[in-house]
Amino acid sequence: MFNNIPPITRNLIIINVVVFIASFLLPQLNDIFAAYYPFSPNFKSWQIITHMFMHGSIMHILFNMFTLFSFGPILEQSLGDKKYLILYFLSGLGAFFLFNLWNFVEVQKIISDMQTLGLNPSEIFRKADINYVGDLKINATTVEGQELSQKLYIALRTPMVGASGAIFGVIAAFATLYPDAKIGIMFIPIPVKVKYVLPIIVVGSIYLGVFGEGGNIAHLAHVGGAIVGFILARIWRKHLYRFN
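Note that this is a predicted model, so its numbers are computed, not measured.

1. So, the environment of Pro41
Here Pro41 lies in the loop between α2 (28-33) and α3 (47-50). Not counting chain neighbours up to four residues away, the residues in contact with Pro41 comprise Phe125, Ala128 and Asp129.

2. Let's talk about the packing of aromatic side chains
Enumeration according to the criterion identifies seven aromatic pairs in this entry. For the ring pair Phe39 and Phe104, a centre distance of 5.9 Å and an interplane angle of 45° mean the geometry is tilted. With Phe39 in the loop between α2 and α3 and Phe104 in helix α5 (residues 81-116), the pair connects residues that are 65 residues apart, well separated along the chain. Judged by centre distance (4.9 Å) and plane angle (70°), the rings of Phe71 and Phe174 are edge-to-face. Placement of Phe71 in helix α4 (residues 58-79) and of Phe174 in helix α8 (residues 164-177) is noted, with a sequence separation of 103 residues between them. When sorted by exposure, Phe71 lands in the same class as Phe174, which is buried.

3. Brief notes about helix α1 (residues 7-25)
Between its first and last C-alpha, α1 extends 27 Å over 19 residues, near the 27 Å set by a 1.5 Å rise per residue. Those residues of α1 that sit buried are Ile8, Thr9, Leu12, Ile13, Asn16, Phe20 and Ser23. Mapping the buried residues of α1 onto a view down its axis gives an arc of 135°, with all of them on the same face. Away from its buried face by more than 90 degrees, α1 exposes Val18 and Leu25. Buried residues along α1 sit in contact with α2, α4 and α5.

4. Digging into the pattern of salt bridges
One pass over the full model with this rule turns up two salt bridges. Between Glu123 and Lys127 there is a salt bridge whose closest N-O contact spans 3.0 Å. Of this pair, Glu123 and Lys127 are both found in helix α6 (residues 121-127), four residues apart, which corresponds to roughly one turn of the helix. Neither Glu123 nor Lys127 differs from the other in exposure class; each is buried.

5. Quick look at the nonpolar core
Formed by 36 residues in total, the largest nonpolar core has its most connected members in Leu12, Leu68, Leu75, Tyr84, Leu87, Tyr88 and Val170. Elements supplying a minimum of two residues to this core: α1, α4, α5, α8, α9 (194-211) and α10 (219-237). Looking at this core, the element that brings in the most residues is α8, giving ten residues. Apart from residues no more than four positions distant in its own chain, Tyr84 is found in contact with Ile8, Thr9, Leu12, Leu68, Gly72, Leu75, Glu76 and Leu79. Ranked by size, the runner-up nonpolar core spans 13 residues in total, among them Val107, Ile110, Leu119 and Tyr153.

6. As for a nonpolar patch on the surface
The grouping of Val17, Ile21, Phe24, Leu25 and Leu26 at the surface amounts to a nonpolar patch, some 510 Å² of accessible area in total. Within the secondary structure, Phe24 sits in helix α1. Given the relative accessible area of 64%, Phe24 is considered exposed.

7. A few points about the packing of α1 against α4
As a packed pair, α1 and α4 sit with axes 9 Å apart at the nearest point and diverge in direction by 170°. One way to sum up the angle between α1 and α4 is to call them roughly antiparallel. Residues Pro7, Ile8, Thr9, Leu12, Ile13, Asn16, Val17 and Phe20 of α1 pack against Ile58, Ile61, Met65, Leu68, Phe69, Gly72, Pro73 and Glu76 of α4. By residue class, the composition of the contact of α1 with α4 is twelve nonpolar, three polar and one charged.

8. Topic: the side chain of Asn42
Relative to the elements of secondary structure, Asn42 occurs in the loop between α2 and α3. Residue classification places Asn42 among the buried residues on the basis of a relative accessible area of 2%. At 3.3 Å, the side chain of Asn42 forms a polar contact with the backbone oxygen of Leu156. Dropping the residues within four chain positions of it, Asn42 is found in contact with Tyr36, Gln47, Ala128, Asp129, Ile130, Leu156 and Arg157.

9. Some remarks on the confidence of the model for the chain
Of all residues in the chain, 90% have pLDDT values of 70 or greater, and the mean over the chain is 85. When pLDDT is averaged over each element of the chain, α3 comes out on top at 95 and strand β1 (residues 182-183) at the bottom at 70.

Criteria and thresholds
Residues numbered from 1 in each chain as written. Predicted model: local features only at pLDDT ≥ 70, side-chain atom pairs only at ≥ 80, totals over all residues. Heavy atoms only, no water. Helix = DSSP H or I, 4+ residues; strand = E, 2+ residues; numbered from the N terminus. Contact = heavy atoms within 4.5 Å. Phe/Tyr/Trp six-rings, centres within 6.5 Å; stacked < 30°, edge-to-face > 60°. Buried < 20%, exposed > 50% of the residue type's maximum accessible area, 1.4 Å probe, protein only. Expected span 1.5 Å × (residues − 1). Arc of directions from axis to C-beta. Salt bridge = Lys/Arg side-chain N within 4 Å of Asp/Glu carboxyl O. Core = buried A, V, L, I, M, F, W, Y, C linked by side-chain atoms within 4.5 Å. Patch = residues over 30% accessible without salt bridge, like charges linked within 9 Å, V, L, I, M, F, W, Y side chains within 5 Å. Areas by Shrake-Rupley, 256 points an atom, 1.4 Å probe, with all protein chains shown as cover. Axes fitted to C-alpha atoms, helices over the stretch in contact; angles between N-to-C directions. Parallel < 35°, antiparallel > 145°, perpendicular 65-115°, else oblique. Nonpolar A, V, L, I, M, F, W, Y, C, P; charged D, E, K, R; others polar. Polar contact = N/O pair within 3.5 Å; in protein donor to acceptor, adjacent residues only side chain to side chain. pLDDT = per-residue confidence, 0-100.

The structure is reproduced here in structure tokens:
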């Protein structure tokens with residue numbers, strides 16, 4: 001069955017699985033290849049790409065790879081190898097951009113509030129470095145200062161991992177090209193057209209991302225990937241059968 005999967009989708013799944021196993025055996029790879037906030041001392045340029053192949057748990061990678069296995073082959077055959085790869089990676093980049101654009105707004109507000117209290121954010125930037133070996137104690141005399149310093153520290157030290165942004169781009173492209181296709185959804189007894197499912201997922205992700213009720217899930221990354229997937233599919237849809 002695996003050999004019948006089109007080559008790009010198959011190789012993407014293989015790479016994701018191999019990287020997941022490697023990062024499990026060598027945990028230090030997570031610090032190197034996961035994507036940190038672009039102004040964090042831990043950020044490296046290659047993380048923009050490598051984070052797409054990192055996953056935080058077995059359920060995380062299983063969900064992403066199953067979704068890619070479900071929707072990827074049809075898109076790969078419809079769009080052709082080049083467009084499909086462009087879709088995958090640009091969706092991942094769109095996810096990274098939107099997620100960190102929101103991060104930038106939040107981090108700047110934290111820094112502004114810290115400066116209002118007379119705190120120096122540069123101390124937190126220095127201590128947030130994964131290679132920092134000094135005292136991690138935060139020098140803030142008020143509860144508010146401690147909370148702001150801790151928020152900034154977490155923002156600089158928490159990486160973004162996973163192919164979810166690219167996967168949401170694939171789902172959005174599929175929904176745009178095949179809006180009347182029906183898919184099964186857990187707890188719903190009948191198949192539902194994908195054109196109804198995608199908007200609900202996107203709106204829900206925006207709400208959870210903006211209001212911070214999504215736990216450790218980068219919901220706005222999903223939205224960024226979906227936007228790119230939708231735009232590319234709309235551009236290509238008119239010429240779908242002319243330029244494959």
